[in-house]
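The lines below spell out each chain.
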Amino acid sequence: MKFRQACSRFTVFTFLSLAKSSPNSTYTNPILPGWHSDPSCVFVPEEDNTFFCTTSTFLATPGLPIYASKDLLHWKPISNVVTRPEQVPEITNSTSQTQQDGLWASTLRYHHGVFYLITSYAHQFPTFGVNTGLLFTSRDIYSDDAWGGPIMLNISGIDPDLFWDDDGTVYASTAGITQQTIDLETGDLGPEVNIWAGTGASIVEGPHIYKKDGWYYLIAAEGGTELGHHQTIARSRKVTGPYQGYSGNPILTNRKTTAYFQTVGHADVFQDSHGNWWGTALATRSGPAWRIYPMGRETVLFPVRWEEGGWPILEPVQGRMSGWQLPNPSNNSIGGNGAYADAPDNITFAPGTLIPQHFLFWRFPEEGTFTVSPPEYPNSLRLFPSLQNLTGTGIPGVGVEETAISLVARRQSHTYFNYTVDVSFAPTADEEEFGVTIFLTQYQHIDLGIVLLPLPSNGTLVPHVRFRTTLLDDLKKPATQNVAVPETIVKALPLSSKTKIRAQLQIQAKEDSHYVLTAVFPEFNHLRFSQTVEAVLVSGGTGRFTGTLLGAYATRNGGPGSTPAYITRWQYQGLGQKVS
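Since the structure is predicted, the reported quantities are computational estimates derived from the model, not experimental observations.

Rules and cut-offs
Residues numbered from 1 in each chain as written. Predicted model: local features only at pLDDT ≥ 70, side-chain atom pairs only at ≥ 80, totals over all residues. Heavy atoms only, no water. Helix = DSSP H or I, 4+ residues; strand = E, 2+ residues; numbered from the N terminus. Rg over C-alpha atoms; globule rule 2.2 N^0.38 Å. Buried < 20%, exposed > 50% of the residue type's maximum accessible area, 1.4 Å probe, protein only. Contact = heavy atoms within 4.5 Å. Core = buried A, V, L, I, M, F, W, Y, C linked by side-chain atoms within 4.5 Å. Salt bridge = Lys/Arg side-chain N within 4 Å of Asp/Glu carboxyl O. Pairing = 2+ DSSP bridges. Disulfide = S-S within 2.5 Å.

Participant: It is not clear to me how the overall build of the protein chain should be interpreted in this structure. Could you clarify?
Facilitator: A tally of helices and strands in the protein chain yields three helices and 41 strands. Since a compact globule built from 580 residues should have a radius of gyration of about 25 Å, the 24 Å found for the protein chain is in line with a globular shape. On the principal axes, the C-alpha backbone points of the protein chain span a range of 80 × 55 × 50 Å. Looking at the 580 residues of the protein chain, the share that counts as buried comes to 62%. Partitioning the intrachain contacts of the protein chain with sequence separation of at least 6 by distance along the chain shows that 61% fall at a separation of at least 24.

This is the structure we're talking about:
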């Protein structure tokens, strides 16, 4: 295993490609870097001994990605469950500026040739009971279109789970912990019964049931998905309970430790082809200070020892892990057209290509907003500006135009990275803007844009560079006190309103605590703008469930403009991971 040391802070980090090539059972967490919260995974021998995982997406679309891997370390997005507004119209209609609305934690399972994904759509940071259950199925997990539905479910809790008993009866369990039978064809549910109250900690959620050695085991997360997060377990001789908690609980946690990986919990466990048990969970690379963690909750992997008739022993989560011999398939190829989770981007939007599978939007974009290689400008991605800017609130009941924002993004998946966008833009109306953003929620984002504004002296419209951050009430917490928050900066460019602007906008992270946003104008060598900002501004707050997206946006800021911008090159290069 090769490591490189960051000179300024003596922080050890490693390139994922090097860590994953290790010939022994040592590997590096996270296995799904960047915002990948609430993982649920399953191993399917019938699918060429492949592992599949899904994670939460809240209001981001396409929703509920499916990742596939043969070796548990190299993960490729192969489909998205929610790709069409009619599947979950609540996403389009939501006016939430935070991430509290949307598709919360799911469970992914496989049974008799069918993949099942059960999830909940939660409304405005719900207490248990303010949500809608959704059941999706697919016989071809590599196809977006094969995910139909969903069947609507009248469940009362979040984080639903599916379990098939030996007699064929299927049970759905939700946070609480409640259980009821479910008809997978109709969605009909039996009476709801509370089967376990947890160990006494707050917020008992994320249940999963497994049967082993004649016992039914129920695992759940407790303590909230913050520093007190931990995983507990109970068991029963009957699936309906009563369940008896383990005297050694919690079985997984990093609370009250100095570990760099914190908030560990919301686990799921599964076996590989050799019968070895593994687990995935969410974790935050923040240390116990829990202050700087812009990538939010990520997916980590750990070995599990589970002797016959006993309780499972889950290996504590660290950056460097050792355990069972990792799967070493003779054929490690994965179907689908997506790029691996930690792969770089070098995208020129050639004719005949599609928007990459790992790109994300916030809600569903208005139809026609994004076009790959349009006739008037081949080898580019055309963005039409949205009426709302990134902070726009939307107006209920008046249609997608009022809630949609023209934002296309990808997850920040490395601690250290370079992200650049080359753009051609010729704005003609007041407040037309194109820019790049570090986006957490509509309440929390950091933007660097090119915008057409009037000069104070004579009202002439000329292009400006504008840098701004959003700092609304939920950010006024101890974590952001004594932070150097830059004021909005607006600088006129020595260009006329008729100039076609060619610019390169860049976001860099050379250390984990700061970003540097830069605008360069290649045709005017003397024009350059750069601003440094602290990463704590996109850590937690209104986005403590999600993680940063790096992307490009176009907006008319409520004005009359309609001029498109054209991205001619999109590049992302991961430079390394901080793991301890």
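Participant: Sorry, what's going on with the nonpolar core here?
Facilitator: As a rule of thumb, nonpolar side chains are buried together in soluble globular proteins. Core analysis: the biggest nonpolar cluster contains 49 residues, and Tyr419, Phe434, Tyr515 and Trp570 have the highest contact counts within it. Ala68, Val88, Ile158 and Tyr553 belong to the second largest nonpolar core, which has 40 residues in total.

Participant: What is the right way to read the pattern of salt bridges from this model?
Facilitator: Oppositely charged side chains may form a pair once their charged atoms are brought near each other. One pass over the full model with this rule turns up 17 salt bridges. When the shortest N-O distance is used, the salt bridge between Glu298 and Arg285 registers 2.7 Å. On the criterion of sequence distance, the pair formed by Glu298 in strand β24 (residues 297-305) and Arg285 in strand β23 (residues 277-285) is long-range, its members being 13 residues apart. The two residues Glu298 and Arg285 agree in class, both being buried. Between Arg502 and Glu523 there is a salt bridge, with its nearest N and O atoms 3.2 Å apart. Placement of the pair is Arg502 in strand β37 (residues 501-511) and Glu523 in the loop between β38 (514-520) and β39 (528-534), with a sequence separation of 21 residues.

Participant: Looking at this structure, I do not really get the sheet that holds strand β16 (residues 178-181). What am I missing?
Facilitator: Within a sheet, each strand pairs with its neighbour through backbone hydrogen bonds, oriented either parallel or antiparallel. Judged by pairing direction, the sheet is antiparallel, and its four strands sit side by side in the order β14-β15-β16-β17 without closing on themselves. Each edge of the open sheet carries a strand with a single partner, namely β14 (161-164) and β17 (193-194). Here β14 runs beside strand β15 (residues 170-174); their pairing, made up of four bridges, is antiparallel. Across the sheet, Asp161 pairs through a bridge with Ser173, a residue of β15.

Participant: Help me understand the state of the cysteines, please; the structure alone is not making it clear to me.
Facilitator: This structure, assessed with the given rule, holds one disulfide. Between the sulfur atoms of Cys41 and its disulfide mate Cys53 the distance is 1.9 Å. Negative torsions about the S-S bond denote left-handed disulfides, and the value of about 110° found for Cys41 with Cys53 makes this one right-handed. Of this pair, Cys41 sits in strand β4 (residues 40-44) while Cys53 is found in strand β5 (residues 50-54), placing the two residues twelve residues apart along the sequence. Taking the relative accessible area as the measure of exposure, Cys41 reaches 2% and is therefore buried. Taking the relative accessible area as the measure of exposure, Cys53 reaches 0% and is therefore buried.

Function-wise, these values are silent; they only describe arrangement.
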